[in-house]
Amino acid sequence: MAPRQPYQGNSRKLVLAFDVGTTYSGISYCILDPGDIPVIQGVTRFPCQENVGGDSKIPSIIYYDQEETVRAVGGEALQESTIEKAEDEGWTKLEWWKLHLRPRNMASSHVSDEDIPPLPSNKTAIQVLGDFMKYLYQCAKTYIEETHASGSDLWRSVQNNTEFILSHPNGWEGPQQAQIRRAAILAGLVPDTTEGHGKIQLVTEGEASLHFCLGSGLAADALKSDQGVIVVDAGGGTIDLSAYYMTISPPSLEEIAPAECYLQGSIFVSRRAREFLEAQLNGSKFGNKEDITQMTGEFDRTAKLRFSNAQEPSYIRFGTVRDKDPAFNIRSGQLKLAGTDVATLFEPSVKAIIDAVEIQRQTASKEIRIVFLVGGFAASNWLFAKLQAHMQTIGVEFCRPDSHTSKAVADGAIAFYLDHRVNARVSKFTYGTRCAIEYEEKDTQHKLRAHTIIPRPSGRRVIPNAFSSILTKGTKISESKEFRKDFITEGAQKSTCDSIATEIVCYRGDDTNPRWADTEPGMFSTLCTVHADTSQVSKTIGPRKGYGGVQFYRQEFSIILKFGLTELQAQISWMENGKECRGPATVVFEQVVEPA
């Protein structure tokens, strides 16, 4: 790929990327000075983690007191003094709270809200995310002021000219993107204005990870040979997979398969470990809730990361040398686990990744020759070894770009902003609209729905529940590609022609050409509503049939949609005096009800 060029802007700018993960979160940034080549940097020093050299992430933990005020975040939440005070004063500790934002239509039957620590009674997940991003922003400010020469002056020069790149899992869709934007406003990152909204860009974790791999050099070498590549971002909560291919002339990257997202990150290995320990130690004096919690935490910190051989035992140290229960393999304050049992805890996550890779290989429009593994879970040698063994059997090269894969998303998000390598993406689902179509007596499907006929003012008879596709699943779409949907409206009152609200519907079934929304009602869901002012659209006036010459109003216009960007965009279009006119349209995603 071409080397990064000097920044062409007229004034200094700061770009901040927040990678808010289920278990750990990180910050990367870039100071853009006119004429200088941009350099991606990371925040590597956080409160209560100053003595840990080069720490690039903090735990995604937040404590609220009984008044639901933030009391400790990240490394602060792990301090012994904080834990003691939290117990004494009844604070609420939140972990894994990001999963409360997950789309409820994701394939996640193994996860329910009961599996995730509950939110405070009067806090939503959006508010928690806002509080957490506010903390990250303060950490970035402190780090830049303390690390750079004349840091305070530097910060003052960019604090009003800062843009934010916020990443999210591949499976997060429009409603979740809207929630992230709302949280950023609550955090005070940007004002709730059109200009403020323009200072936020969203990117999937898969695409951010691709840009990170390109920066590592390894992926760039592979893509030079016109090879398809899959990037597996294995994180704490989700496993995100994205497939890409580089075209040589002109040099650009395009997505070649629908992105995948699975809730099988490293926390689910820990959750299975807890369930295993509860069953394994049933009847032991160490099978109580407190000891199981301590063992699970120790497994998460040590045994899970070190495990690499199913033929050797693993150990969990949790007590003193006096703690023993030989009947349950507990001696000298440590529990002995068979390696085969530990391997079983990883198996669902390993299988999810292998299955997802196979799906992407089958659906990709180009041959996949290499797979890259990044993310915090990529540090697991057992996960890497199991995946590598499978890739060898199918003739696919497999590797981890470097030892800093936990920084992949944050650094990659900045690279996405600077380089914007991907210019074509693949539709994950079929999108369209529910609509009414003119009744045709000879059509069998129309006859079945004759009882639903609706008369229109013009005398036309229409039937509802038809589905009209705008974009079909698996379609490759460039960022500039526009999708047009034509509409006709008829109304008895002129005022009804001043605005429209049209639902964009997502179809998640297997039919390649769905025509009726009432045949598989569970497969159709409203993605968003497009609102537009149509008062300037020309109106045709005609007599209402059967109403004694009373007038009705008719309009013809189109909604223009862009699906190829990281976020859906819309406009309205109509013809006037033989020329196309356009106006703005607003995309409003459906309200998501959250558990309190």
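A quick note: this is a predicted structure, and the numbers were derived from the prediction, not measured.

Can you explain the overall build of the protein chain? Please cite residues and give values.
A count of helices and strands for the protein chain gives 13 helices and 29 strands. Against the globule reference of 25 Å for 596 residues, the protein chain gives a C-alpha radius of gyration of 27 Å, in line with a compact fold. Projecting the C-alpha coordinates of the protein chain onto the three principal axes gives extents of approximately 95 × 60 × 60 Å. Scored against the burial criterion, the 596 residues of the protein chain give a buried share of 51%. At a minimum sequence separation of 6, the contacts of the protein chain that also span at least 24 residues come to 68%. As displayed, the protein chain offers around 27,500 Å² of accessible surface, 47% of which is attributable to carbon and sulfur atoms. Positive and negative charge centroids in the protein chain, built from 64 and 74 side chains respectively, lie 4 Å apart.

Break down the sheet that holds strand β6 (residues 70-73) for me, citing the residues and quoting the values.
An order of β6-β5-β7 is seen for the 3 strands of this open sheet, with the pairing classed as antiparallel. Two strands lie at the open edges of the sheet, namely β6 and β7 (92-94), each paired on one side alone. Averaged over neighbouring strand pairs, the angle between their axes works out to 20° when direction is ignored. One ladder, built from 3 bridges, connects strand β5 (residues 62-64) with β7; its direction is antiparallel. Bridge pairing links tyrosine 64 to threonine 92 in β7. Against the sheet, helix α2 (residues 125-147) touches β5, β6 and β7, its axis set at about 115° to β5.

Outline the state of the cysteines, listing residues and values.
Evaluated as defined, the whole model comprises 0 disulfides. Its sulfur unpaired, cysteine 139 is 10 Å from the next cysteine sulfur, which belongs to cysteine 48. Given a relative accessible area of 6%, cysteine 139 falls into the buried group. The structure places no disulfide on cysteine 528, whose sulfur is separated from the nearest cysteine sulfur, that of cysteine 506, by 10 Å.

Please give an account of the pattern of salt bridges that cites residues and values.
Counted according to the given criterion, the structure contains 31 salt bridges. Close ionic contact of aspartate 355 with lysine 351 constitutes a salt bridge, the shortest N to O distance being 2.7 Å. Separated by 4 residues within a single helix, aspartate 355 and lysine 351 lie in helix α10 (residues 339-363), roughly one turn from each other. What makes aspartate 355 partly exposed here is its relative accessible area of 34%. We note a salt bridge from glutamate 438 to arginine 460, for which the minimum N-O separation is 3.7 Å.

Would you mind going over the environment of alanine 517 in detail, with residue names and values included?
Within the secondary structure, alanine 517 is located in the loop between β24 (499-507) and β25 (524-533). Excluding residues within four positions of it along the chain, alanine 517 makes contact with Arg434, Asn465, Phe467 and Phe524.

Please provide a residue-by-residue account of the packing of helix α8 (residues 266-280) against helix α9 (residues 289-306), values included.
Here α8 crosses α9 at 140°, and the two axes come no closer than 9 Å. For the element pair α8 / α9, the angle class is oblique. Like other packed secondary-structure pairs, α8 and α9 cross with a definite hand, here right-handed. Contacts from Ser266, Val269, Ser270, Ala273, Arg274, Leu277 and Glu278 in α8 reach Lys289, Ile292, Thr293, Met295, Thr296, Phe299, Asp300 and Lys304 in α9. In terms of residue class, the contact of α8 with α9 is built from 6 nonpolar, 4 polar and 5 charged.

Would you mind going over the packing of aromatic side chains in detail, with residue names and values included?
Two descriptors summarise a pair of aromatic rings, namely the distance from one centre to the other and the angle between the planes of the rings. Counted under the stated rule, the structure contains 16 aromatic pairs. Judged by centre distance (6.3 Å) and plane angle (25°), the ring pair of phenylalanine 346 and phenylalanine 377 falls under stacked. Of this pair, phenylalanine 346 sits in helix α10 while phenylalanine 377 sits in the loop between β16 (368-374) and α11 (381-393); the two residues are 31 residues apart in sequence, bridging distant segments of the chain. For phenylalanine 346, a relative accessible area of 0% puts it in the buried group. An aromatic cluster of three or more residues is present, and its members are Phe18, Tyr137, Trp155 and Phe164. In this structure, arginine 400 packs its charged tip against the face of phenylalanine 384, placed 4.0 Å from the ring centre. A cation over a ring is seen here: arginine 508 above phenylalanine 429, with NZ or CZ 4.5 Å from the ring centre.

Can you tell me about the confidence of the model for the protein chain, naming the residues and giving the values?
Overall, the predicted model of the protein chain reaches an average pLDDT of 89, with 92% of residues at or above 70. Confidence over residues 592-596 falls short of pLDDT 50; this stretch has 13 contacts with residues more than four positions distant or in other chains.

For the nonpolar core, give the residues involved together with the corresponding values.
One finds Val232, Val371 and Leu373 to be the most contacted residues of the largest nonpolar core, which totals 49 residues. Sorting elements by how many residues they give to this core places α10 first, with 9 residues. One finds Leu16, Ala140, Ile185 and Ala187 within the second-largest nonpolar core, a separate group that totals 45 residues.

Got a sec to walk through unusual backbone geometry? Specific residues and values, please.
Notably, glutamate 68 is not glycine yet its phi reads approximately 65°, a positive angle. Within the secondary structure, glutamate 68 is located in the loop between β5 and β6. In this structure, asparagine 577 takes a positive phi of about 55° despite not being glycine. Secondary-structure assignment places asparagine 577 in the loop between β28 (569-576) and β29 (579-589). Asparagine 577 gets classed as exposed once you look at its relative accessible area, which sits at 75%.

Summarise the side chain of glutamine 555; cite the residues concerned and give the values.
Secondary-structure assignment places glutamine 555 in strand β27 (residues 551-562). A polar side-chain atom of glutamine 555 sits 3.0 Å from the main-chain carbonyl oxygen of threonine 534. A polar contact is formed between the side chain of glutamine 555 and the backbone oxygen of valine 537, at a distance of 3.3 Å. In contact with glutamine 555, not counting residues within four places along its chain, are Phe487, Ile488, Thr489, Cys497, Thr534, Val537, Ser538 and Lys539.

Break down the environment of tryptophan 172 for me, with residues and values.
Turning to its location among the elements, tryptophan 172 is positioned in the loop between β8 (162-168) and α4 (174-186). Sequence separation between tryptophan 172 and glutamate 84 is 88 residues, and the spatial gap between their C-alpha atoms is 36 Å.

Lay out the sheet that holds strand β18 (residues 422-426) with the relevant residues and their values.
Ordered by their spatial adjacency, 7 strands build an open sheet running β17-β16-β10-β11-β12-β18-β22, and the pairing between neighbours is mixed. Looking at the sheet topology across the chains shown, the edges are occupied by β17 (397-399) and β22 (476-478). Mean inter-strand twist for the sheet, computed between neighbouring axes without regard to direction, equals 25°. As judged from the 3 bridges shared by β18 and β22, these two strands associate in the antiparallel manner. Across the sheet, the residue bridging to alanine 424 is serine 478, located in β22.

Definitions and cut-offs
Residues numbered from 1 in each chain as written. Predicted model: local features only at pLDDT ≥ 70, side-chain atom pairs only at ≥ 80, totals over all residues. Heavy atoms only, no water. Helix = DSSP H or I, 4+ residues; strand = E, 2+ residues; numbered from the N terminus. Rg over C-alpha atoms; globule rule 2.2 N^0.38 Å. Buried < 20%, exposed > 50% of the residue type's maximum accessible area, 1.4 Å probe, protein only. Contact = heavy atoms within 4.5 Å. Areas by Shrake-Rupley, 256 points an atom, 1.4 Å probe, with all protein chains shown as cover. Lys, Arg positive; Asp, Glu negative; His and termini not counted. Charge placed at Lys NZ, Arg CZ, Asp CG, Glu CD. Pairing = 2+ DSSP bridges. Axes fitted to C-alpha atoms, helices over the stretch in contact; angles between N-to-C directions. Disulfide = S-S within 2.5 Å. Salt bridge = Lys/Arg side-chain N within 4 Å of Asp/Glu carboxyl O. Parallel < 35°, antiparallel > 145°, perpendicular 65-115°, else oblique. Left-handed = near helix turned anticlockwise from the far one by under 90°. Nonpolar A, V, L, I, M, F, W, Y, C, P; charged D, E, K, R; others polar. Phe/Tyr/Trp six-rings, centres within 6.5 Å; stacked < 30°, edge-to-face > 60°. Lys NZ or Arg CZ within 6 Å of the ring centre and 35° of its normal. pLDDT = per-residue confidence, 0-100. Core = buried A, V, L, I, M, F, W, Y, C linked by side-chain atoms within 4.5 Å. Polar contact = N/O pair within 3.5 Å; in protein donor to acceptor, adjacent residues only side chain to side chain.

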